[in-house]
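# An overview of the molecular structure
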Number of protein chains: 2
Amino acid sequence: MRLFHPKEGISTQTIRRLPQYLRVFYRLHGYGRELVSSTTIAEETHLLPIVVKKDLQAVGAPSKLRAGFKVAGTIKIIEQFLGWNNLNKAFLVGVGHLGAALLGFDGFKNHGLEVVAAFDTNPDKVGKTVHGVPVYHTAQLASVISQENLKIAILTVPAAPAQGITDTLLSAGIKAIWNFAPVHLSVPENVIVQQEDISSGLAELCAKLKSK
Amino acid sequence: MRLFHPKEGISTQTIRRLPQYLRVFYRLHGYGRELVSSTTIAEETHLLPIVVKKDLQAVGAPSKLRAGFKVAGTIKIIEQFLGWNNLNKAFLVGVGHLGAALLGFDGFKNHGLEVVAAFDTNPDKVGKTVHGVPVYHTAQLASVISQENLKIAILTVPAAPAQGITDTLLSAGIKAIWNFAPVHLSVPENVIVQQEDISSGLAELCAKLKSK
């Protein structure tokens, strides 16, 4: 049995695969399974067994040579690694189609986020709730952030207003932004920006198509 | 000046960064700029200059030692690498919030895709258009695919029906699926699946938050 030795500097690609493993472990846990081999996880996730093994060992999941990974224990280790055992209060700016789709994502609470507020400038949306989340006017950003002690912003606005809203968020003390606007935000070094780019997935798809 | 030597086996991470570079090049091209240094591109994309340089050289963009990359020429090279100089006919299945958000993405035509049809089972949506794209009933999938000679499917349905719809797509001869459903699809080896996972970005964000 390996000792618990989570390495520093775990790769982004490993981190991005962790939710896939969690989904498999959650399902097996639901069936009452106690142990699972990296081969089984690999089959379910369409990855190589060695990749699965290395990823799980990198975050500190102990494995027995033959028996594989403990289901409940590995869930805890991954959740702790990602901080998904605690909830961070988050809010969303821009309740368009994408924003509404994200507000409807029922997995946030399992993923460490509690989305407690949304903001938009459209008077048809302000004052209503979307998927149970109240929508405020964007002019109220600073006051709601401070009242509710919000830490994480989800930005689903068009490119044009994104930097201006970011500046407001920074003034209000926000330290992490999950950015879906197709623009690079200028922020101080101590602020985390996680950039999502729909074009990146499309580039991957197209490169695969071209190489066929 | 380096010769045009695109390497085999370009990394996924390089491919995922190409759209960012393209956006910078497009903007500079709009301003009439002819040359740009990797340092400037790095500043705009918040990447290291050496990463930019290696990525662009990997797809075969020639660079002059001091002057940098030719704007118009590099655009052509990246577009050709990704096949974005040609349009592939695509369609979308599942016109929920996320599906509607994607249909509203005005960049598809610049990204090699022409989305010509959408499918849903909701009678309120069937027969209408969303962002100019006609919505058909999912029961019509096979016939519309063959009539319109469609090649690429964008799957924005919930996890439960995803595999069943995929089986229909495979019977209709679809060879590439851009999958936003949170489930791994079983497909033959010669079919391309590009999996998008909202949880992966969230995992990255949370790992960064934890390591602060």
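Now for a look at the structure at hand. (Residues numbered from 1 in each chain as written. Chains lettered and ligands numbered in written order. Predicted model: local features only at pLDDT ≥ 70, side-chain atom pairs only at ≥ 80, totals over all residues. Heavy atoms only, no water.)

### Regarding the relation of the copies chain B and chain A
- Each copy of the sequence occupies a distinct position, and chain B is placed on chain A by a rotation of 180° and an axial shift of 0.0 Å, giving an RMSD of 0.0 Å. On the angle and the small slide along the axis, the relation comes out as a two-fold axis.
- When the interface residues of chain B are mapped onto chain A, 100% of them again lie at the interface, so the same face is used by both copies. (Least-squares fit on C-alpha atoms with pLDDT ≥ 70 in both. Contact = heavy atoms within 4.5 Å.)

### Some remarks on the pattern of salt bridges
- Evaluated as defined, the whole model comprises twelve salt bridges over all chains.
- Salt-bridge contacts for glutamate 204 of chain A lead to lysine 208 of chain A; the nearest nitrogen and oxygen are separated by 3.9 Å. Placement of the pair is glutamate 204 of chain A and lysine 208 of chain A together in helix α8 (residues 198-210), with a separation of four residues, close to one helical turn.
- Classification of glutamate 204 of chain A as buried rests on a relative accessible area of 13%.
- A residue is classified by how much of its surface remains accessible, and lysine 208 of chain A, at 32% relative accessible area, is partly exposed.
- Put simply, lysine 89 of chain B and glutamate 148 of chain B hold a salt bridge, and the shortest N to O gap is 4.0 Å. A residue pair is termed long-range when its members are at least 10 positions apart, and lysine 89 of chain B in strand β4 (residues 88-93) and glutamate 148 of chain B in helix α6 (residues 141-148) qualify at 59 residues.
- On the basis of relative accessible area, glutamate 148 of chain B is assigned to the partly exposed category, the value being 30%. (Salt bridge = Lys/Arg side-chain N within 4 Å of Asp/Glu carboxyl O. Helix = DSSP H or I, 4+ residues; strand = E, 2+ residues; numbered from the N terminus. Buried < 20%, exposed > 50% of the residue type's maximum accessible area, 1.4 Å probe, protein only.)

### Some details on the environment of leucine 169 of chain A
All names here are of chain A.
- With respect to the helices and strands, the residue leucine 169 is situated in helix α7 (residues 159-171).
- Taking the relative accessible area as the measure of exposure, leucine 169 reaches 0% and is therefore buried.
- Ignoring any residue separated from it by four or fewer positions in sequence, one finds leucine 169 in contact with Phe91, Leu141, Ile145, Ala153, Leu155, Ile174 and Ile177.

### Considering the pairing of strand β4 (residues 88-93) of chain A
All names here are of chain A.
- Taken together, the six bridges between β4 and strand β5 (residues 113-120) define a ladder with parallel strand orientation. Within the sheet, the bridge partner assigned to leucine 92 lies in β5 and is alanine 118.
- Once you follow β4 into helix α5 (residues 97-103) and on to β5, the crossover reads as right-handed. (Pairing = 2+ DSSP bridges. Right-handed = clockwise from strand over helix to strand, strands pointing away.)

### Quick word on the sheet that holds strand β1 (residues 35-36) of chain A
Residue and element names in this part refer to chain A.
- Strand order in the open sheet formed by three strands is β1-β3-β2, and the pairing between neighbours is antiparallel. Each having just a single partner strand, β1 and β2 (63-64) make up the two edges of the open sheet.
- Bridging between β1 and strand β3 (residues 68-70) involves two bridges; their strand directions are antiparallel. Its bridge partner lying in β3, valine 36 is registered against phenylalanine 69.

### A word on the interface of chain B and chain A
- Taken together, the 56 residues of chain B in the interface contact 56 residues of chain A.
- Summing both sides of the interface, chain B and chain A together bury roughly 4,900 Å²; the carbon and sulfur share of this comes to 65%.
- On the surface where chain B and chain A come into contact, there are four salt bridges.
- Here glutamate 204 of chain A and arginine 16 of chain B are joined by a salt bridge, their closest N and O atoms 2.6 Å apart. (Buried area = accessible area lost by both parts, 1.4 Å probe.)

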